[in-house]
Amino acid sequence: MASFARLQQTQNAIDLEIEFETDDGRRSTSQLEIAAALLEGKTIILEAEPGAGKSTTLVQIAQAICHQAPTAIPVVTPVIELSKSDVPIWDDIFARPRFHGLAKDELLRLANDGAVVFLFDGWNELLEAQRIRLLTEFKKLRRSFPKCGLLIATRAIAPLLLMDARKAFVSALTRAQQLEILSRILDDPAAAESLLTR
C-alpha cells in the first residue's frame, strides 16, 4: 500500500531538530517518534518559522511511516487544495488520481482500520473563513477515523488548536545546518562558507 503514497525525494535534506511540547517546556524528538505516534492514531500540530523546513519534514515523516509500517498509506496534502472543496476531506483525497485503481469502499475500510495517515501542509496559507471550514472538517475526520494519524503543519504565526493534539516544533536552521545544505547543493564547502559570510 505504501506505493500509493508517491513521495517526492527530498534533495539535499538534513535531519532537522524537532521538539515536542511538554508540561515542563519542550523535549527533543525525532521524525521516527512522530511517525510512530501517527501510526498509533495521534494528532500532531507541527509548527515552524518560515523556511525552517516544515514541508521537507512532512515528507520525511511520511517516508518514516512507510519504513515503519509498509502497509500504511501516508497521504501528504497541501490544505490549500482542500479549501475550495465542499465535500468531506476524505472524499476529496480518495477521489484523487493517486488512488485510482482502489475502490472507495476499500480506502474507507483502510482508513477505518487506521492504515491511512493524513499529513496536511500549509495551514498558515488559508484565509480565516477557510480555516473555520477546515477546522470543522478536521474534527469530522477525527470522529470518522479515530484510528488514523493526523498531522497539520503550520507557521507559528497561524497556530491551530485541536483537541488532544500534541504540538511539535521544527527548530530554526543553525548556521552549521545552513552550511551543510549549501555545501551539498554547491558541492563546494568553501563556496558555501563564502555565501554564508556575505
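Further up the page is the structure itself.
Residues numbered from 1 in each chain as written. Predicted model: local features only at pLDDT ≥ 70, side-chain atom pairs only at ≥ 80, totals over all residues. Heavy atoms only, no water.

1. Considerations on the environment of Asp86
Counting through the fold element by element, Asp86 comes out in the loop between helix H3 (79-82) and helix H4 (89-94). Asp86 gets classed as exposed once you look at its relative accessible area, which sits at 72%. (Helix = DSSP H or I, 4+ residues; strand = E, 2+ residues; numbered from the N terminus. Buried < 20%, exposed > 50% of the residue type's maximum accessible area, 1.4 Å probe, protein only.)

2. Section: the packing of aromatic side chains
Inspection of the entire model under this criterion finds six aromatic pairs. Relative to Phe145, the ring of Trp90 lies with its centre 5.2 Å away and its plane at 85°, an arrangement referred to as edge-to-face. Note that Trp90 is positioned in helix H4 and Phe145 in the loop between helix H6 (128-144) and strand S6 (149-155), a separation of 55 residues in sequence. Across the pair, exposure class does not vary: Trp90 and Phe145 are buried alike. Following the ring pairs from residue to residue traces out a cluster consisting of Phe94, Phe99, Phe118, Phe120, Trp123 and Phe138. The residue whose ring lies beneath Arg26 is Phe169, and the NZ or CZ to ring-centre distance is 3.6 Å. The aromatic ring of Phe20 is capped on one face by Arg166, whose charged end is 3.7 Å from the ring centroid. (Phe/Tyr/Trp six-rings, centres within 6.5 Å; stacked < 30°, edge-to-face > 60°. Lys NZ or Arg CZ within 6 Å of the ring centre and 35° of its normal.)

3. A few points about the sheet that holds strand S5 (residues 116-121)
Here we have seven strands laid out as an open sheet, ordered S2-S1-S7-S3-S6-S5-S4, and mixed in their pairing. The sheet terminates laterally at strand S2 (25-29) and strand S4 (73-78), the two strands that pair on one side only. The mean inter-strand angle of the sheet, taken between neighbouring strand axes irrespective of direction, is 25°. In this structure, S4 lies alongside S5, joined through six bridges in parallel fashion. Across the sheet, Val75 pairs through a bridge with Phe118, a residue of S5. Against the sheet, helix H2 (residues 54-68) touches strand S1 (18-22), strand S3 (43-48), S4, S5, S6 and strand S7 (165-170), its axis set at about 170° to S5. Contacts from H6 reach S3, S5 and S6, with the element oriented near 160° to S6. (Pairing = 2+ DSSP bridges. Axes fitted to C-alpha atoms, helices over the stretch in contact; angles between N-to-C directions. Contact = heavy atoms within 4.5 Å.)

4. Let's talk about the nonpolar core
Counting residues in hydrophobic clusters, the biggest one holds 30 residues, and the most contacted among them are Ile93, Phe94, Val116, Phe118, Phe120, Phe138 and Ile152. Secondary-structure elements contributing two or more residues to this core are S4, H3, H4, helix H5 (104-112), S5, H6 and S6. Broken down by element, this core gets its largest block of residues, four residues, from H4. With sequence-adjacent residues up to four places away left out, Phe120 is seen in contact with Leu58, Thr77, Val79, Leu82, Ile89, Ile93, Phe138, Leu141, Leu150, Leu151, Ile152 and Ala153. Ranked by size, the runner-up nonpolar core spans 24 residues in total, among them Ile18, Ile34, Ala37 and Val117. (Core = buried A, V, L, I, M, F, W, Y, C linked by side-chain atoms within 4.5 Å.)

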